[in-house]
Amino acid sequence: KIFYFPLQFEPEMSILAYSPFFKDQIEIIRLISINLKTNDLIVLKENPKMLNIREKEFYEKISVFNNVVWINPSEESTYIIENSYKVISISGTATIESACLGVDSILFGFPPFKDLIYNNVISEIPLIELKDQLYKNFSKEEIQNRLFE
């Protein structure tokens, strides 16, 4: 299974204002990584506006996770989302795009559009339930109906 995590621009108002508990993208990647089943992957895509901005150490810290792969920042997000099991973000709008495509997603923060997303916000559940949330499966129809409601 592929879990798509498009990195967000930093510093970003949507992370600072909408995510009181989870602000560190590396920590979220770590939490996802340790909760994935064998052979499942986190696919990361750098925000194009962050190219050549982040410190080298940011990428080095992520490189220790053996179930993380990078995709070219110029790759079309729609294609990645359509081929993902789940889209994960702190507060990014890729989760809305995934809902429109009928692909499940998870938010760590509380952006204004959080009620459009089928899953609970991770900040609202005990962290021990993260693995269950990662693998909870909803149908394309359930996801899109929630969005249309």
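Presented here is a report on the structure given in the accompanying data block. (Residues numbered from 1 in each chain as written. Predicted model: local features only at pLDDT ≥ 70, side-chain atom pairs only at ≥ 80, totals over all residues. Heavy atoms only, no water.)

What to know about the sheet that holds strand S3 (residues 68-71)
So the rule is basically this: One bridge is not enough; two strands pair if DSSP finds at least two bridges between them. Labels follow the DSSP assignment, with helices taken as runs of H or I lasting at least four residues and strands as runs of E lasting at least two, numbered in each case from the N terminus. Interaxial angle, 0 to 180 degrees, is taken between N-to-C directions of lines fitted to C-alpha atoms, where a helix line uses only the stretch in contact.
Here we have five strands laid out as an open sheet, ordered S3-S2-S1-S4-S5, and parallel in their pairing. The outermost strands of the open sheet, each flanked by one partner alone, are S3 and strand S5 (105-107). The average angle at which neighbouring strand axes cross in this sheet is 25°, direction not considered. The pairing of strand S1 (residues 2-6) with strand S4 (residues 86-89) spans two bridges and is parallel. From the neighbouring strand, Tyr4 faces S4, where its bridge partner is Val87.

Focus: unusual backbone geometry
Heads up, the condition is: We call a residue buried when its accessible area falls under 20% of the maximum for its residue type, exposed when it is over 50%, and partly exposed in between, using a 1.4 Å probe and counting protein chains only.
Positive phi, close to 75°, is recorded for Asn39, a residue that is not glycine. For Asn39, a relative accessible area of 70% puts it in the exposed group.

With respect to helix H2 (residues 25-35)
Rule in force here: Whenever two N or O atoms come within 3.5 Å, that pair is a polar contact, provided that in protein one can donate a hydrogen and the other can accept it, and provided that, for residues adjacent in sequence, both atoms are side-chain atoms.
With eight of eleven residues buried, H2 lies mostly within the body of the structure. Within H2 the residues assigned to the buried category are Gln25, Ile26, Ile28, Ile29, Leu31, Ile32, Ser33 and Asn35. The distance from a side-chain oxygen at the start of H2 to the backbone nitrogen of Ile26 is 2.9 Å, and the residue carrying that oxygen is Asp24.

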